[in-house]
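Chain residues, written in single-letter form:
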Amino acid sequence: MRARVFDALNQFDRPASAYDIADAVSKAEGRRVAANSVYRILDLFVGKNLVQRVESANAYIANAHPDCRHDCIFLVCDGCGQTTHLDNDRITGTVRQAAIDAGFEPVRPVIEVRGRCTACVAAG
Ligand SMILES: [Zn+2]
Ligand SMILES: [Zn+2]
């Protein structure tokens, strides 16, 4: 089941919700798979750093660098949903430090930029 969820996620070219993945797995399996069980598996993958959550899209994406744990900045296209990521430890470090300075213990800064991707800008 875990492998099927991971395969299904990888088949999407943009972040997929637990419901999208449950539908894809259900079709492949020929039986109804509940979104709840997909959620549990996705959480497990997030914990193992194999998958990342795109908060503003309420969706998941395969981690582009599973061997490296750091804070990604996601660029989410409002036109086509394509999501890419930037790694800039200086920016995320500044956000973490600002939280610490405010007496807060940060676990994970969430930085996402909504807008339009290169292809959507080119298409007008
Ligand atoms: Zn990254
Ligand atoms: Zn786009």
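Preceding block: the structure.
Residues numbered from 1 in each chain as written. Chains lettered and ligands numbered in written order. Predicted model: local features only at pLDDT ≥ 70, side-chain atom pairs only at ≥ 80, totals over all residues. Heavy atoms only, no water.

> Help me understand the overall build of the chain in this model?
In terms of regular secondary structure, the chain is built from five helices and five strands. Helices and strands in the chain line up, N terminus first, as α-α-α-β-β-β-β-α-β-α. By principal-axis analysis of the C-alpha atoms, the chain measures approximately 50 × 40 × 25 Å. Residues counted as buried form 32% of the 124 residues belonging to the chain. Contacts in the chain between residues at least 24 apart in sequence constitute 40% of all its contacts with a sequence separation of at least 6. (Helix = DSSP H or I, 4+ residues; strand = E, 2+ residues; numbered from the N terminus. Buried < 20%, exposed > 50% of the residue type's maximum accessible area, 1.4 Å probe, protein only. Contact = heavy atoms within 4.5 Å.)

> What is the right way to read the coordination of the zinc ion (ligand 1) from this model?
Protein coordination at the zinc ion (ligand 1) comes from His 65 (NE2), Cys 72 (SG), His 85 (NE2) and Asp 87 (OD), with a distance range of 2.0 to 2.7 Å. Counting the intervening residues between successive donors of the zinc ion (ligand 1) yields the motif H-x6-C-x12-H-x1-D. With His 65 in the loop between β2 (59–62) and β3 (72–77) and Asp 87 in strand β4 (residues 83–87), this pair connects stretches of sequence that are 22 residues apart. On the accessibility criterion, Asp 87 (38% relative accessible area) is partly exposed. (Donors = N, O, S within 2.8 Å, 3.2 Å for Na, K, Ca; no water.)

> How do you make sense of the coordination of the zinc ion (ligand 2) when you look at a structure like this?
Binding of the zinc ion (ligand 2) to the protein goes through Cys 77 (SG), Cys 80 (SG), Cys 117 (SG) and Cys 120 (SG), at separations of 2.3 Å. Considered as a linear motif, the donors of the zinc ion (ligand 2) on their single chain read C-x2-C-x36-C-x2-C. By relative accessible area, which is 22% here, Cys 80 ends up partly exposed.

> Just checking my understanding: could you explain the layout of surface pockets for this structure?
To locate leftover empty space, one rolls a probe as large as a water molecule over the atoms. Of the voids in this model, the largest pocket is the one considered here, and its volume is about 290 Å³. Lining the largest pocket are 17 residues, and of these Asn 49, Gln 52, His 70, Asp 71 and Arg 108 lie nearest its centre. With three residues, strand β1 (residues 51–54) is the largest single contributor of residues to the lining of the largest pocket. Of the residues belonging to the lining of the largest pocket, the class tally is eight nonpolar, three polar and six charged. The residues that make up the lining of the largest pocket include at least three from each of domain 1 (1–65) and domain 2 (70–124). (1 Å grid on protein atoms, 1.4 Å probe; cavity = no way out; pocket = protein on both sides within 12 Å on 5 of 7 lines; lining within 4 Å. Points joined across faces, edges and corners; volume = space filled by probe spheres on them. Nonpolar A, V, L, I, M, F, W, Y, C, P; charged D, E, K, R; others polar. Domains from an automatic or database assignment.)

> Explanation requested: the sheet that holds β4 in the structure shown.
Taken together, three strands build an open sheet; the order of strands is β4-β3-β5 and the sheet is mixed. A single partner strand is all that each edge strand has here, and the edge strands are β4 and β5 (111–115). Between one strand and the next, the sheet's axes are offset by a mean angle of 25°, whatever the strand orientation. Where β3 meets β5, five bridges bridge the pair, whose relative direction is parallel. Considered in β5, the bridge of Val 76 is made with Arg 114. Where helix α4 (residues 89–101) meets the sheet, its contacts fall on β3, β4 and β5, and the angle it forms with β5 comes to roughly 120°. (Pairing = 2+ DSSP bridges. Axes fitted to C-alpha atoms, helices over the stretch in contact; angles between N-to-C directions.)

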